[in-house]
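In case you want the letters, here they are:
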Protein chains: 2
Amino acid sequence: MADETSPPVDQLVVASVREDGPSSSLVKKAQFSDRVLICSIVGRTDGGAGLAGERVRVGGWVKTGREQGKGTFAFLELNDGSCPANLQVIVDASVSDLAPLVPTGTCVSVDGVLKTPPEGAKQKIELRVEKVIHVGRVDPAKYPIPKTKLTLEFLRDVLHLRARTNTISAVARIRNALAFATHSFFQEHNFLYIHTPIVTTSDCEGAGEMFQVTTLIGESERLEKDLIKNPPPTEADVEAAKLVVKERGDAVAQLKAAKASKQDMAPAVDELKKAKENVAELEKRSKLKPGIPKKDGKIDYSQDFFARQAFLTVSGQLQVETYACALSSVYTFGPTFRAENSHTSRHLAEFWMVEPEIAFADLQDDMNCAEAYVKYMCQWLLDKCYNDMELMAKNYDKGCIERLKTVASTPFVRVSYTEAVKMLEDAVAKGKKFENKVEWGVDLASEHERYLTEVLFQKPVIVYNYPKGIKAFYMRLNDDGKTVAAMDVLVPKVGELIGGSQREERYEVITERIAEMGLPMEPYEWYLDLRRFGTVKHSGFGLGFERMILFATGIDNIRDVIPFPRYPGRADL
Amino acid sequence: MADETSPPVDQLVVASVREDGPSSSLVKKAQFSDRVLICSIVGRTDGGAGLAGERVRVGGWVKTGREQGKGTFAFLELNDGSCPANLQVIVDASVSDLAPLVPTGTCVSVDGVLKTPPEGAKQKIELRVEKVIHVGRVDPAKYPIPKTKLTLEFLRDVLHLRARTNTISAVARIRNALAFATHSFFQEHNFLYIHTPIVTTSDCEGAGEMFQVTTLIGESERLEKDLIKNPPPTEADVEAAKLVVKERGDAVAQLKAAKASKQDMAPAVDELKKAKENVAELEKRSKLKPGIPKKDGKIDYSQDFFARQAFLTVSGQLQVETYACALSSVYTFGPTFRAENSHTSRHLAEFWMVEPEIAFADLQDDMNCAEAYVKYMCQWLLDKCYNDMELMAKNYDKGCIERLKTVASTPFVRVSYTEAVKMLEDAVAKGKKFENKVEWGVDLASEHERYLTEVLFQKPVIVYNYPKGIKAFYMRLNDDGKTVAAMDVLVPKVGELIGGSQREERYEVITERIAEMGLPMEPYEWYLDLRRFGTVKHSGFGLGFERMILFATGIDNIRDVIPFPRYPGRADL
């Protein structure tokens, strides 16, 4: 991890494979580059104090720089992204021209010696520069993200530089940690990572919210350009070309009649062939029409790249089930897409989802897995990203570290939907006001979910066994005939973090459910095959990865926890 | 990992959290389900022999089943995907009806006792069933993948069931292992995993090979349907509605003239308001036109979801560079797309790429990283997937295990492009025939690459410093002015596995290169900002993940090493 707070000293080995950088026996060198990581100096439990006297090369970007002592030396706060802390760097005017070094955002690479700072200093170690290796300058007048306090909203317009800010770089490290925690958790539990497709022809949730993937528009635009450059032949052009064929045909016929030798006839035959080819080509071009190809008034998708209408996936679940019904425990972790015109702080058009799927598992197993996974991620952040979490606690959400600790250590509450509705009704009876009505059979609104997890229980809550009317066709019908084996994990700060269910494995029941919901059967034939042949009870869930980051960091807007947010009207870079 | 060959005994702890399954003190229970993994029995170094006497529940799919002893018992070869080996299961007719158990593909879950088989048996352990918990039946007459030997080509038409075959499940485990090896390698080396965008508006490689992402077609199809159902108003309709407004206006005017009270006027004012709204609505609808919205004869992308033309990414490199130039060492691992009309065994329309990017690193560092990464993956497979590799060696590529060993242990050869061309010219002079001409300044063809790595050196070869004319604008210009600091890693069996370069960090040089190559400057302004503000030397590469799997397994067709292959005309599921 980039920000381990206390790398064991025995890991701090340096093999100076490069001859142009200074080596050190105590500081861990970044492999595949010529510098040491700043986190391996200031990220140590002793703040780097034990490294005094070591020679190192470091590189990074200046957070703040200032000339001091009437321009005789400069202080630079240097950060290389490996941890939230900066390394204090001191450059003497005798070593380098100081003015180009101090602007915020300047990239510098320097060789120097680590020294104990004067008593009373905040930092435990600082670097005295002996040689400046590289300076990547910044003109402060033009730098898009100057030192002043910038809002996260402002930074969304500077996606390509915002990773240089404290917040966005900390979020990037937390996001990285959660991604690796995800893989580690599932690998430790013998799940196989399956890459489900991004482009899909299974239009399972209704095309309304799906992005279409096509080459038809591009092709038609190319054709249109081509037709302007080379207008299609007119009917007269084609007729003229046909006349040439006739003339050439006559010429050949004459030669034939005159019993000309093959050799003598060859040129004429050749000309005839060319004339015929020309007609064929002209006829083909005369049929070219600008615009997207149509057939019977509808777009002719047989001419699209995949020979049918294709979309960006909204979930890998149905596809990953095919692997669960063969390899038992699997998961997918990849991008998913919704073409919803949502401008909220909780929705993205492109976001990442983690979707495990377990054969031989029922809803209880599913809840156990979800709970263990969320706890694992919380503990992982506490273990590996404490510094970054402190930054979040300081700047965004005082309670975020406490929240991680609580979730990591407290069993989740589990209540049925029916019990949850009763609890909410009780709250209403006691005077609690909700904007949305609480009623059995209606889905819980976000305010209800947050009331349960934030007020009533003050910890994560799993609500299970929802009315079938508000859930998807593939969820297993319970024996009561009214509810399905679905579950949602609700957590403080974001509400619903996970949605899952036991899947309906009974062929007769699932086909009836599909019919009941007015869905067509044909697109699901492959999915039904899993029930026709060697069916098995299985369960799974989906976790919105960005939701987890919001939960962990306390950041308010989902656009700030993904490197390149996509939402209506915006897809920068 | 799913197929660790020898789980240390101290890991074989069972906490029987479920009361309905038998527990065992020696066999590792699959968490989040009620069974034990078959790999934890037959995948042990002793083949499971040490587990005789243990009670377990297992579940899986029958590979082969047969009734024996005149129908008094049945043998089932059971596989749950956790490893390539099956567990031999014996069911007595007194325990269960045998006929439904034996068809290939049947799912069974059983409780039983592990027993030492009779002497001379191939297996080291077998399961005597005491109770059959679940049977997911198969009608052999209808099962799409019967027991007979099936070709990989045939299986491409049965994507949803092919993971139940030996080959595809082994490939899935190898793919999973390589994915986790990738994350492990980069995390160990302090790289941060960055999710670069899938939908992009940076059309960096020319729209010709890119898929377009749009909601315009869907919207226009919806509009068309709506207009057929509710035809737009005619001009006469609008005029009639305007007439009503006039009449209502007159009525209000009359009341006003008659000095009616506000209360008396209210109904008439209300009617007038409604009539006006009706006109506005009709005028709006009368302007609706079927088809994709256009402006000045071109498609009006301002009305598309992202308010501009958007595509599926062909590479995350340019975007991940923005993070490298802030966080130093980063990588991306995600799906990428090419809309090429390629029908070869080496191309997919959707494939996964691993792209590290390192700040403060030059081409040497880049090559060191690429070599270390490939070696790491090879060793990982030898350590964690040996059983699956044996299956590949047996069925597809005798030499694949040797190849992994060689690559893991031998330093890669490094030759400049100029040297490589000389070597190929020498080979030609000695009588070697190539279909493509070898000539300085022309890119190496696949046959040249494979000759270098398979014949000349018989190990991985890194070719570096290519002529600038055949490489991308962002590659760093060498001091000779003719070559760029690019490198390709060539490996036996697949040829090019990795392509990378040191990036051009000098603002003046890169802008000149963009101009020289006739590219527009505007789309790259954000990319140029990385050179304008705090620029740094940096390097990176891309590894085609499916290429790596082809290299490892010896499988011939790339469509067989990704769970859901996408290529021209095909995007099943």
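Thresholds, definitions, all that
- The numbers attached to residues start from 1 for each chain and follow its sequence in the written order.
- In the order they appear in the text, chains get letters beginning with A and ligands get numbers beginning with 1.
- Confidence filtering applies because this is a predicted model: local features only for residues at pLDDT of at least 70, side-chain atom pairs given and counted only at 80 or more, and all residues used for totals across whole chains, interfaces and linings.
- For side-chain calculations, the full set of non-hydrogen atoms in the structure is used, while hydrogens and water are omitted.
- Residue contacts follow a heavy-atom distance rule, with two residues in contact if any of their heavy atoms lie within 4.5 Å.
- Note on definitions: buried area is the accessible-area loss of two parts on being combined, 1.4 Å probe, summed for both.
- By convention in these notes, a salt bridge is any Lys or Arg side-chain nitrogen within 4 Å of a carboxyl oxygen on Asp or Glu.
- We define a polar contact as two N or O atoms separated by no more than 3.5 Å, with the added condition that, inside protein, one atom must be a possible hydrogen donor and the other a possible acceptor, whereas residues neighbouring each other in sequence contribute only through side-chain atom pairs.
- For helices the rule is a DSSP run of H or I covering at least 4 residues; for strands it is a run of E covering at least 2, with both sets numbered from the N terminus onward.
- Throughout, the ten residues Ala, Val, Leu, Ile, Met, Phe, Trp, Tyr, Cys and Pro are labelled nonpolar, Asp, Glu, Lys and Arg are labelled charged, and all others, Gly among them, are labelled polar.
- With a 1.4 Å probe rolled over the protein chains alone, any residue whose accessible area is under 20% of its type maximum counts as buried; one over 50% counts as exposed, and the rest are partly exposed.
- Note on aromatic contacts: the rings of Phe and Tyr and the six-membered ring of Trp form a pair at centre separations within 6.5 Å, being stacked when their planes are under 30 degrees apart, edge-to-face when over 60 apart, and tilted otherwise.
- The rule for a charge over a ring is simple: NZ of Lys or CZ of Arg within 6 Å of the ring centre, and within 35 degrees of the ring normal.

### Here's the deal with the interface of chain A and chain B
A common way to state how big an interface is: give the accessible area lost once the parts meet.
And then number 1: Taken together, the contacts link 131 residues of chain A with 131 residues of chain B.
And then number 2: Note on chain A versus chain B: buried area summed over both sides is about 10400 Å², and carbon and sulfur give 62% of it.
And then number 3: If you sort the residues of chain A by the area they bury against chain B, Phe32, His195 and Phe360 of chain A come out on top, with a joint share of 9%.
And then number 4: For the salt bridge of Asp34 of chain B with Lys537 of chain A, the shortest nitrogen-to-oxygen distance reads 3.3 Å.
And then number 5: In this assembly, chain A and chain B are joined by 41 residue pairs in polar contact (both at pLDDT 80 or more).
And then number 6: Here the side of chain A that touches chain B takes 13 residues from helix α3 (residues 166-188) of chain A, the largest share from any one element.
And then number 7: Here the residues of the side of chain A that touches chain B are counted per class, giving 64 nonpolar, 39 polar and 28 charged.

### Some thoughts on the side chain of Ser416 of chain B
And then number 1: Residue position: Ser416 of chain B is located in strand β14 (residues 413-416).
And then number 2: If we ignore the near neighbours within four places in the chain, the residues touching Ser416 of chain B are Val463 and Tyr464 of chain B.

### Some thoughts on unusual backbone geometry
And then number 1: Even without glycine at this site, Asn465 of chain A takes up a positive phi of about 60 degrees.
And then number 2: Positionally, Asn465 of chain A belongs in strand β15 (residues 461-467).
And then number 3: Overall, Asn465 of chain A belongs to the partly exposed group, its relative accessible area being 21%.
And then number 4: With a phi angle near 75 degrees, Ser328 of chain B is a residue other than glycine that sits in the positive phi range.
And then number 5: The residue Ser328 of chain B is located in the loop between α7 (317-327) and β12 (329-337) in this model.
And then number 6: Given a relative accessible area of 1%, Ser328 of chain B falls into the buried group.

### Some remarks on the packing of aromatic side chains
Residue and element names in this part refer to chain A.
And then number 1: What the rule picks out here adds up to 55 aromatic pairs over all chains.
And then number 2: Measuring from ring centre to ring centre gives 4.9 Å for Phe186 and Tyr373, while their planes differ by 50 degrees; the resulting arrangement is tilted. Here the residue Phe186 occupies a position in helix α3, and Tyr373 occupies one in helix α8 (residues 363-384), the gap between them amounting to 187 residues. Across this residue pair, the class does not change: Phe186 and Tyr373 are buried.
And then number 3: Taking the ring centre of Phe551 as reference, the NZ or CZ of Arg403 above it sits at 5.4 Å.
And then number 4: A cation over a ring is seen here: Lys471 above Tyr466, with NZ or CZ 4.3 Å from the ring centre.

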